[in-house]
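Below are the chains, spelled out letter by letter.
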Amino acid sequence: MTKSNIKILLVLATIAILGATYMYVFKPNMEDKEAIETEISSLETKLADLKAKDAHRDEYLAEIETNKAYFNEVVNYFPATLDQEISVMFIKGVEKDKGNLQFDVNSVGLGKPGLFYTLTGTSDNEAGYQCYSASFPIAYEGSYEGLKDFVDYIMAYKYRMNISNFNIAYNASDDKYTGSITLHAYCVSGGDRVADTVSVNVENGVYNPFLGGEGATTQDSSSHDSDNGASIASDHDILVALNNANNDSTDGIILSSGGSDTFVTNADNEVVDVTITVEETDGKNMVTYAIGDDSYTMELADDELTVYVESSDRVDSADTNGVKVKVANSTDVPVFIKVEGDDTTSPRFELGSKTGVVKVY
């Protein structure tokens, strides 16, 4: 090989080495340098922003606490759960049976809560919240003032609810309103929210809640079962007389437990609410029967309370009076009611709500 060819090869080798050095050493280093400089610039910008924010750290922390308070204020409009026990107590609270604010719940459906929204947590360490709703279809009867009072009760209730449907039918003959309501309730669970609790003064271990607790008289043990309560007609503590309200000789509804001084009466030609309350006071079983604000209280000496309802057939379509009897019995004394002579097609007697041991013959 000639010297000139060797020189050419050396020049080509040198060029190749330089090219390789540029491509595989210099250029990557320059690209890395540019990337590092870009990252440094970005970090410096972020650092400057963080320093500016850090200068307002106390302000931001105060705003966070303020916003948390706002959030909790809104969340507190809703309970943590929609337990059926709580729902039952709520429905119980809407019932009114005094004065003109009458509102009775005939039936209610306890809807199963369904998830409709999820609130995610504000950080990895904070759990989210689940929002549930449930519907409560309610069948009711009551007075016009009672319906308005129900709406006020819902509007003023401590938790947020809404009424999506309100049907009203008016019966002019007894000035009563009936219908149905669809009520929606909501809850927000999750986080550190604590469910409400219900405290009910009822003994545990009741085998049949419709007959009372331990020691209460049962249907099988009643001495009145053998004659279907017929003996109550001749031996009773309270007499309820139901007659035509349009006659001139006597009031249509008379409750008594002896002489005329024990009378509680009503001459209106309508169905009225009669309340019989049995409660222990100073070691004595006291009985109060009432129509509205008119009442009479007596001491019960026996170990049972017997009520004889002496009813009658309706005279005509204008004869519309009757009673809806509600028994509030907080003692272990059984209450037995015998109804005779009632109109078979349009009874004057109706048993409403009851607590304790109550049986009608």
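Residues numbered from 1 in each chain as written. Predicted model: local features only at pLDDT ≥ 70, side-chain atom pairs only at ≥ 80, totals over all residues. Heavy atoms only, no water.

> Residue-level account of the pattern of salt bridges, with values.
In this structure the tally under the stated criterion is nine salt bridges. The salt bridge involving glutamate 141 is made with lysine 324; its shortest N-O contact spans 2.4 Å. With glutamate 141 in strand β3 (residues 129-142) and lysine 324 in strand β13 (residues 322-329), the pair connects residues that are 183 residues apart, well separated along the chain. Of the residues examined, lysine 324 reaches a relative accessible area of 7% and is grouped as buried. (Salt bridge = Lys/Arg side-chain N within 4 Å of Asp/Glu carboxyl O. Helix = DSSP H or I, 4+ residues; strand = E, 2+ residues; numbered from the N terminus. Buried < 20%, exposed > 50% of the residue type's maximum accessible area, 1.4 Å probe, protein only.)

> Describe the sheet that holds strand β11 (residues 294-299), naming the residues involved and giving the relevant values.
Adjacent strands of a sheet pair through backbone hydrogen bonds, lying either parallel or antiparallel. In spatial order, the strands read β11-β10-β9-β13-β15; together these five strands make up an open sheet with mixed pairing. Each having just a single partner strand, β11 and β15 (349-355) make up the two edges of the open sheet. When strand polarity is set aside, the average angle formed by the axes of neighbouring strands in this sheet is 15°. Direction of pairing for strand β9 (residues 271-281) relative to strand β10 (residues 284-291): antiparallel, over a ladder of eight bridges. (Pairing = 2+ DSSP bridges. Axes fitted to C-alpha atoms, helices over the stretch in contact; angles between N-to-C directions.)

> Break down the side chain of lysine 176 for me, with residues and values.
Looking at where lysine 176 falls in the secondary structure, it is placed in strand β5 (residues 176-190). For lysine 176, which is buried and forms no salt bridge, the nearest opposite charge comes from aspartate 273, at a distance of 4.3 Å. Reaching out from lysine 176, the side chain makes a polar contact with the side chain of glutamine 102 at a distance of 2.5 Å. Aside from chain neighbours lying at most four places away, what touches lysine 176 is Gln102, Gly142, Ala169, Tyr170, Asn171, Val271 and Asp273. (Lys, Arg positive; Asp, Glu negative; His and termini not counted. Polar contact = N/O pair within 3.5 Å; in protein donor to acceptor, adjacent residues only side chain to side chain. Contact = heavy atoms within 4.5 Å.)

> Hey, could you go over the sheet that holds strand β16 (residues 358-360) for me, with residue numbers and the actual values?
Read from one edge to the other, the open sheet built from six strands follows the order β8-β7-β6-β12-β14-β16, with strand pairing classed as mixed. Sheet topology places β8 (264-266) and β16 at the edges, where each strand pairs with a single neighbour. Within the sheet, the average angular offset between the axes of one strand and its neighbour, ignoring direction, is 10°. Pairing of strand β14 (residues 335-340) with β16 involves three bridges; the strand directions are parallel.

> I'd like a description of the environment of tyrosine 296, backed by residues and values.
Looking at where tyrosine 296 falls in the secondary structure, it is placed in strand β11. Tyrosine 296 gets classed as partly exposed once you look at its relative accessible area, which sits at 24%. Residues tyrosine 296 and phenylalanine 263, spaced 33 residues apart in sequence, show a C-alpha to C-alpha distance of 7.5 Å. Discounting residues that sit within four places of it in the chain, tyrosine 296 has contacts with Ser257, Asp261, Thr262, Val264, Val287, Thr288 and Tyr289.

> So what's going on with the nonpolar core? Residues and values would help.
Ranked by size, the top nonpolar core spans 27 residues in total, and within it Leu305 and Ile337 carry the most contacts. Of all the secondary-structure elements, those providing two or more residues to this core are β6 (238-242), β7 (253-256), β9, β10, β12 (305-310), β13 and β14. Ranked by the residues each element gives to this core, the list is headed by β9, at four residues. Residues in contact with leucine 305, not counting those within four places in the same chain, are Asp237, Ile238, Ile276, Val278, Val287, Met298, Leu300, Val333, Pro334, Val335 and Phe336. (Core = buried A, V, L, I, M, F, W, Y, C linked by side-chain atoms within 4.5 Å.)

It is worth stressing that arrangement in space is one thing and function is another; only the former is reported here.
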